[in-house]
Amino acid sequence: MDEERDRSSEGTLPRLPDHIIVDILARLPVKSLMRFRCVCKPWLTLFSSSQFDNLHFECSMEDTKRASVVLSNDSLYFLDYGANDDSDDHADDLLSVELHFPLLVETNSVQGRIRILGSCGGLLCVKLKGDNIFIINPYTRESKKISDSHAVSCKQDLVIHGDVYGFGYDYLSRTYKAVRIDNQRNFTVYNLKTNTWRRKGKFPYEDVYDDGVHLHGAIHWVVRHKKDGKFVYSITAFDLAEEKFWDMQVPNEINTSAECQFRLLLRGECLCVLCFTSSCYDFWVMKEYGQSEWWTEEFNLDISDYEYFLTPLCFLQYDKMILTSPETVTLYNLNDYSTKQIVVPGDPLCLSAELCMKSLTSPTQFGNLMERTSYVQ
């Protein structure tokens, strides 16, 4: 009997339960899943489903190496820093890889800068010349062009030198949204699910700095306004689900410092305000979201000894960030103060950067996604 059992099992692989197979596949990188779509029709159907997309996304959130930095100037490039951490610790330079999107190339046929407006849940919102705005997945190479034809004339008394944007995820309606503040403070919201723009009145402040930062279902901007006859700074947030504004205070030390320049970034799951005075950046981190008393000055970056002026673009892991200067793009380690050059074609001063999770989310076949983690970067 044992001999018959042995003969019957020859050439037969054990069959794993379907849910275990799905769980294994959800832990694979996007590049592998894109290849595995050709294995069989059931896998193609599985990888195209919103349920698998969400499962894969949740697994990605647990793995900090399932992210890349997407850089842009006259084209898009990505730096897969997770892979570099394991294999290139002693490399002199980090190489960026150009991303090719046929639709973007066709639209941007005359060379011009590609501006990253925001990143959320594996999707990027980018703006090309004119009013050409796209939502793209840099890993599956899918892209969707969205209309944005309501340009308005510039009003000279505003600090908004050009339109300001934001991009994020509405966990209540389970859809991605883009927002726009034009030069007359008209505030409009784009819904990816309905593919429509809606006007939402006026942006509450006249002075706003840079495109917004998405965290916990809201888009955040540093703004300036008058209070008791003096200019003060604060952070205003637009809740994408409720579509309402609310404010939070910046550190008191910022409002008392003279001639300070500001930038808002994400450091892990925390808002980070950069305050630049003279030749030093002060980095303030909000340890508890929405609690202004939890602002902590975590570190300073003195750039007085550097040959060129340095500008922080974004954080990678919690202890690394990308800096740009007129000559170079640099990966800076906050722990040991070491640096590595990042090789990116084009003018470093025209560079923007965003951290983007690797996901299967499709901007063209956007379905009814399940509720995701509020921090979707």
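Note on numbering: residues in each chain are counted from 1, in written sequence order. The predicted origin of the model limits local features to residues at a pLDDT of at least 70 and limits the giving and counting of side-chain atom pairs to 80 or more, whereas totals for whole chains, interfaces and linings rest on all residues. Side-chain metrics rest on all non-hydrogen atoms present in the structure, leaving aside hydrogens and water.

### Comments concerning the overall build of the protein
And step 1. Note on conventions: DSSP H or I runs of at least 4 residues are helices, E runs of at least 2 residues are strands, and numbering of each starts at the N terminus. The number of helices and strands found in the protein is 8 helices and 25 strands.
And step 2. Here the protein, with 377 residues, has 50% of them falling under the buried criterion.
And step 3. Considering only intrachain contacts with a sequence separation of at least 6, the fraction spanning at least 24 residues in the protein is 51%.
And step 4. Per-residue accessibility takes into account occlusion by the displayed protein chains alone, with areas from the Shrake-Rupley method and a 1.4 Å probe. For the protein, the accessible area works out to roughly 18400 Å², and carbon and sulfur atoms hold 50% of it. The rule is simple: take the accessible area with a 1.4 Å probe, protein chains only, and divide by the maximum for that residue type; under 20% is buried, over 50% is exposed, in between is partly exposed. In what follows, a contact means two residues having at least one pair of non-hydrogen atoms within 4.5 Å.

### Some thoughts on the packing of aromatic side chains
And step 1. Only rings of Phe, Tyr and Trp enter the pairing, Trp through its six-membered ring, and a pair is recorded when the two centres are within 6.5 Å. The plane angle decides the type: under 30 degrees is stacked, over 60 is edge-to-face, the rest tilted. As enumerated under the stated definition, the model contains 22 aromatic pairs in all.
And step 2. Ring centres 5.1 Å apart and planes at 40° place the aromatic pair F47 and F52 in the tilted group. Considered together, F47 and F52 belong to a single accessibility category, that of buried residues.
And step 3. Where F187 meets F245, the ring centres are 5.0 Å apart and the plane angle is 65°; that geometry is what we call edge-to-face. In this pair, F187 sits in strand β11 (residues 186–191) while F245 sits in strand β16 (residues 244–249), placing the two residues 58 residues apart along the sequence.
And step 4. Relative accessible area serves as the criterion here: at 0%, F187 is assigned to the buried category.
And step 5. Through pairs of rings, three or more aromatic residues link up here, namely F187, F203, Y205, W221, F238 and F245.

### Topic: the environment of T311
And step 1. Within the fold, T311 resides in strand β21 (residues 311–315).
And step 2. With residues up to four places along the chain from it excluded, the contact list for T311 reads R263, Y281, I322, L323 and T324.

### Looking at the sheet that holds β11
And step 1. Pairing between strands requires that DSSP locate at least two bridges from one strand to the other. On the basis of which strands lie adjacent, the open sheet formed by 4 strands has the order β9-β10-β11-β12 and antiparallel pairing. The strands lining the two open edges of the sheet, one partner per strand, are β9 (164–170) and β12 (196–202). Between one strand axis and the next, the sheet turns through 20° on average, direction left out of account.
And step 2. Where β11 and β12 come together, 5 bridges link them in antiparallel fashion. The partner of V189 across the bridge, within β12, is R198. Axes here refer to lines fitted to C-alpha atoms; in helices the fit is confined to the stretch in contact. Angles between the N-to-C directions go from 0 to 180 degrees.

### Digging into a nonpolar patch on the surface
And step 1. Patch criteria: residues need more than 30% relative accessible area and no salt bridge. Like-charged residues are merged within 9 Å; nonpolar side chains of Val, Leu, Ile, Met, Phe, Trp and Tyr are merged within 5 Å. One speaks of a salt bridge when a side-chain nitrogen belonging to Lys or Arg is within 4 Å of a carboxyl oxygen belonging to Asp or Glu. A cluster of nonpolar side chains, contributed by L16, I20 and I24, occupies part of the molecular surface with about 230 Å² of accessible area.
And step 2. The residue I20 is located in helix α2 (residues 18–25) in this model.
And step 3. Relative accessible area serves as the criterion here: at 32%, I20 is assigned to the partly exposed category.

### Notes on the pairing of strand β18 (residues 270–277)
And step 1. Counted residue by residue, β18 has 7 buried out of 8 residues, so it is predominantly covered.
And step 2. Sheet analysis places strand β17 (residues 261–267) next to β18, joined by 7 bridges and oriented antiparallel. Residue F262 lies in a different strand from β18, and its bridge partner there is C275.
And step 3. Counted along the chain from β17 to the antiparallel partner β18, the turn is 2 residues long, and its residue G268 has a positive phi close to 65°.
And step 4. Summarising the sheet, β18 and strand β19 (residues 280–286) pair through 6 bridges and their orientation is antiparallel. Looking at β19, one finds that C275 is bridged to D282.

### Re the environment of L44
And step 1. Within the secondary structure, L44 is located in helix α4 (residues 41–47).
And step 2. With a relative accessible area of 40%, L44 lands in the partly exposed category.
And step 3. L44 sits 10 residues away from M34 along the chain, and the two C-alpha atoms are 9.1 Å apart.

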